[in-house]
Amino acid sequence: MKKFKLQYKPFGEHSILIEWPQIISENVLKSVLLYKQKLENFEFKQKVYIKFAYNSILISYNSTINNIYDEILTLKAINSIDEVIDKSVFKMWKIPVCYDLEFGLDLEKISNKNNIEIPEIIHAHTSTIYRVYFLGFLPGFLYLGGLDKKIHFPRKSTPRMQIEKGAVAIGGSQTGIYPNESPGGWNIIGSTPIEFFNVQKENPCFAKAGDKIQFISVSKVDYDQIASSIATHDYIIESEVIDD
Amino acid sequence: MIKVLHPGFYTTIQDLGRKDFQHLGVPMSGAMDMHAAKMANAILGNDTDCAVLEITMVGPKLEFNCETNIIVTGANLAPKINTTIVKNNTLINVNKGDILSFGTPINGFRAYLAVTGGFQSEIILNSRSMYQSITKASKLNKGDEIKIHTKSHISKKYSAIKMDSNYLNDHVISVFKGPEFHLMNNEQLNKLFNQEFTVSKENNRMAYQLQELVTNNLKGIITSLVLPGTVQLTPFGKLMVLMRDCQTTGGYPRVLQLLEASINLLSQKRVGDKIKFKLKAL
């Protein structure tokens, strides 16, 4: 695995930020996930909370850090461990999306401005397999990498006051799913009945960083059917184990 | 049980927050002035993670249907039991049928009401802190009933633990350097640490925006992690101090990081209040 030069920065009284070079890449993601695994395997003297994004890990301690430089040395030593017990299994999830204009409120606008027919937009969106980099912004919101350049589209200058739960959207070079009703500035191209965040479940979100997502175009009839099976807990999201 | 006769301006149930689910994008939440909330529990003899009510500016009207002990800390919002004025930071015995209400705010912005044993609302993702899309309600509403334990009066009128409310008058916000502090030039630093800033009307549990601008041409960062107390500098020059309900990630440069005590202090400020940043070495 590629080695990156890392920077360690104190971040407030309780946290240390570990930073990778400022690039978005699958190699950085793999390096971040490996370091995270090493941190999770290590028995810290106190409870710690580990969060991560494209090129950073934030480790927060339950109480004030006594000596930040000692703690950074400990973190570096943890990272230098070569053998890692990593039991993570990564999956590709197939997410049904209805791209009918009833849901895809901004499809026509993208079609006009990018000079691309709507079926081509749907084809571009469904033929890419997206990597999940991390979760943030809203509970259950996945940051996905790999959107086709043909359908990059700038965020709206004035956000919508309300975007429906399940809206599938494009913001600049990113695509994502609104896991709950929220205000938002991304352009909506469809809707999925799949729930990305459910507080009633022990694991509220099925997807995790390192997993992959593929969108599958479905009709309104199928969409409604899936929505009603989800309501009665009879729907299992199609998935397969991946090994890269 | 207590009954909400009037919810006040913005009253929520809060505890220490939801630390275990941030990797799923779940905000931390918890009492904005964590110190005041913890002290309320400590003086009552509660566990530190007992849920309290966070009362913002205009207090609610609450009816107790059982005997218990309560305390109000944080902002002085002129609390009353029935028609009797009661003091902050002092243990109060309430009887069945008593009504707690509040008057004209005197000092500070957020008060905390603790009851013996804590408010027994539903625990979701290891916390009772209210947050839209996580808990069923995001604030108290008229007619709500919240479960509390019945407790006999404590005879001991004075707790060994004392709370001092003088911090409410302070206006110095102590900060550490944030991860992108080094991107700022001398002119920006000079402005940050030598001028006063005013709390704008955009202030809530997610973030406090400040009125005075700090012009900059700092580039955004690749979406990275933020914390309550992180100060972001937008391209427009706005300083945004993230608070307890903030998102877990953000893309603006993180120029400063508030100390915990300063998050508590800022939580007590309202629109128009002046603050000054003071840099501390870590």
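Residues numbered from 1 in each chain as written. Chains lettered and ligands numbered in written order. Predicted model: local features only at pLDDT ≥ 70, side-chain atom pairs only at ≥ 80, totals over all residues.

As for the overall build of chain B
Right, on to step 1. What chain B contains, in helices and strands, is 3 helices and 20 strands.
Right, on to step 2. Relative to the 2.2 N^0.38 estimate, which gives 19 Å for 282 residues, the radius of gyration of chain B is 20 Å and therefore close to what a compact globule would have.
Right, on to step 3. C-alpha extents for chain B along the principal axes are approximately 60 × 35 × 30 Å. (Helix = DSSP H or I, 4+ residues; strand = E, 2+ residues; numbered from the N terminus. Rg over C-alpha atoms; globule rule 2.2 N^0.38 Å.)

Some details on the domain arrangement of chain A
When the parts of a complex come together, some accessible area is lost, and that lost area is often used as the size of the interface.
Residue and element names in this part refer to chain A.
Right, on to step 1. For chain A, the domain assignment lists domain 1 (7-79) and domain 2 (90-242).
Right, on to step 2. Inter-centroid distance (C-alpha atoms) of domain 1 to domain 2 is 30 Å.
Right, on to step 3. Counting residues at the interface gives 7 residues for domain 1, matched by 7 residues for domain 2.
Right, on to step 4. Elements with a minimum of two residues in the side of domain 1 that touches domain 2: helix H1 (26-41) and strand S3 (48-53).
Right, on to step 5. It is H1 that contributes the most residues to the side of domain 1 that touches domain 2, 3 residues altogether.
Right, on to step 6. Grouping the constituent residues of the side of domain 1 that touches domain 2 by class yields 6 nonpolar, no polar and 1 charged. (Domains from an automatic or database assignment. Contact = placed C-beta atoms within 7 Å. Nonpolar A, V, L, I, M, F, W, Y, C, P; charged D, E, K, R; others polar.)

A word on the interface of chain A and chain B
Right, on to step 1. Across the contact, 30 residues belong to chain A and 25 residues belong to chain B.
Right, on to step 2. Elements represented by at least two residues in the side of chain A that touches chain B include exactly strand S1 (7-11), strand S2 (15-19), S3 and strand S4 (56-61) of chain A.
Right, on to step 3. Across the side of chain A that touches chain B, the residue classes break down as 19 nonpolar, 8 polar and 3 charged.

Considering the domain arrangement of chain B
Residues and elements named next belong to chain B.
Right, on to step 1. Examined at the domain level, chain B breaks down into domain 1 (2-164) and domain 2 (170-279).
Right, on to step 2. Domain 1 and domain 2 are separated by 28 Å when their C-alpha centres are compared.
Right, on to step 3. The partner domain 2 presents 15 residues to the 19 residues of domain 1 that form the contact.
Right, on to step 4. Counting only elements with at least two residues in the side of domain 1 that touches domain 2, the list comes to helix H1 (34-44), strand S5 (68-76) and strand S10 (107-115).
Right, on to step 5. Partitioned by chemical class, the residues of the side of domain 1 that touches domain 2 number 9 nonpolar, 8 polar and 2 charged.

Overview of helix H5 (residues 220-231) of chain A
For an α-helix the count is 3.6 residues per turn, leaving residues at separations of three or four pointing the same way.
Right, on to step 1. Along its 12 residues, H5 of chain A runs 16 Å from first to last C-alpha, staying within 8% of the 16 Å computed at 1.5 Å per residue.
Right, on to step 2. Remark: His 233 of chain A follows H5 of chain A within two positions and exhibits a positive phi of approximately 60°. (Expected span 1.5 Å × (residues − 1).)

Considering the environment of Gln 247 of chain B
Right, on to step 1. In this fold, Gln 247 of chain B is placed in the loop between strand S17 (239-242) and strand S18 (249-250).
Right, on to step 2. As a C-alpha pair, Gln 247 of chain B and Gly 272 of chain B span 25 residues in sequence and 25 Å in three-dimensional space.
Right, on to step 3. Contact partners of Gln 247 of chain B, with chain neighbours within four places excluded, come to Gly 136 and Phe 137 of chain A together with Pro 27 of chain B.

Observations regarding the nonpolar core
Right, on to step 1. Core analysis: the biggest nonpolar cluster contains 128 residues, and Leu 142 of chain A together with Ala 40, Val 52, Tyr 112, Leu 113, Ala 114 and Val 241 of chain B have the highest contact counts within it.
Right, on to step 2. Looking at this core element by element, the count peaks at 7 residues for H1 of chain B.
Right, on to step 3. Each residue touching Leu 142 of chain A, except ones within four places of it in the same chain, is listed here: Val 132, Leu 135, Gly 176, Ile 177, Ala 207 and Ile 213 of chain A. (Core = buried A, V, L, I, M, F, W, Y, C linked by C-beta atoms within 7 Å. Buried ≥ 20, exposed ≤ 12 C-beta atoms within 10 Å, placed from the backbone.)

Considerations on the pairing of S3 of chain A
Each regular strand displays side chains that alternate between the two surfaces of the sheet.
Residues and elements named next belong to chain A.
Right, on to step 1. With 6 bridges connecting them, S3 and S4 associate as antiparallel partners. Paired with Lys 51 across the strands is Leu 58, a residue of S4.
Right, on to step 2. Count of turn residues in the S3/S4 antiparallel hairpin: 2 residues. (Pairing = 2+ DSSP bridges.)

Here's the deal with the sheet that holds strand S12 (residues 187-191) of chain A
Residue and element names in this part refer to chain A.
Right, on to step 1. Ordered by their spatial adjacency, 3 strands build an open sheet running S10-S9-S12, and the pairing between neighbours is antiparallel. Because the sheet does not close on itself, it has two edges, and the strands there are strand S10 (174-177) and S12. Averaged over all pairs of adjacent strands, the angle between strand axes in this sheet comes to 25°, irrespective of strand direction.
Right, on to step 2. As paired strands, strand S9 (residues 167-171) and S12 are joined by 4 bridges and run antiparallel to one another. Its bridge partner being in S12, Ile 170 is matched across the sheet by Asn 187. (Axes fitted to C-alpha atoms, helices over the stretch in contact; angles between N-to-C directions.)

Quick look at unusual backbone geometry
Residues and elements named next belong to chain B.
Right, on to step 1. Within the chain, Ser 29 stands out as a residue other than glycine whose phi angle is a positive 55°.
Right, on to step 2. Among the structural elements, Ser 29 can be located in the loop between strand S2 (10-14) and H1.
Right, on to step 3. Of note in this structure, Met 57 is not a glycine but carries a positive phi near 60°.
Right, on to step 4. As for its position among the elements, Met 57 is in the loop between strand S3 (52-56) and strand S4 (61-64).
Right, on to step 5. The partly exposed category is assigned to Met 57, around which 16 C-beta atoms lie within 10 Å.

Quick notes on the sheet that holds strand S16 (residues 230-233) of chain B
Right, on to step 1. Within the closed barrel, the 7 strands sit side by side as S12-S19-S16-S17-S14-S13-S20 (chain B). Their pairing is mixed. Sheet twist, expressed as the average angle between the axes of neighbouring strands with direction ignored, equals 40°.

Here we look at the confidence of the model for chain B
Right, on to step 1. Confidence along chain B averages 95 in pLDDT terms, with 98% of residues attaining 70 or more.
Right, on to step 2. Scored as a complex, the prediction yields pTM 0.93 and ipTM 0.92. (pLDDT = per-residue confidence, 0-100.)

Looking at the environment of Asn 187 of chain A
All names here are of chain A.
Right, on to step 1. Inspection of the secondary structure assignment puts Asn 187 in strand S12.
Right, on to step 2. On the basis of neighbour counts, which here come to 24 C-beta atoms within 10 Å, the residue Asn 187 falls in the buried class.
Right, on to step 3. Once the C-alpha coordinates of Asn 187 and Pro 96 are considered, the two residues, 91 residues apart in sequence, prove to be 18 Å apart.
Right, on to step 4. The contacts of Asn 187, once residues within four sequence positions are left out, are Asp 106, Lys 109, Ile 110, Phe 153, Lys 156, Ala 169 and Ile 170.

Examining the environment of Ala 261 of chain B
Residue and element names in this part refer to chain B.
Right, on to step 1. If you trace the backbone, Ala 261 turns up in helix H3 (residues 260-266).
Right, on to step 2. For the pair formed by Ala 261 and Val 175, sequence separation is 86 residues and the distance between their alpha carbons is 9.9 Å.
Right, on to step 3. If we ignore the near neighbours within four places in the chain, the residues touching Ala 261 are His 35 and Ser 174.

Some details on the confidence of the model for chain A
Right, on to step 1. Mean pLDDT over chain A: 93, with 100% of residues reaching 70 or higher.
Right, on to step 2. Ranking the elements of chain A by mean pLDDT puts strand S11 (residues 182-184) of chain A last with 87 and strand S13 (residues 212-217) of chain A first with 98.

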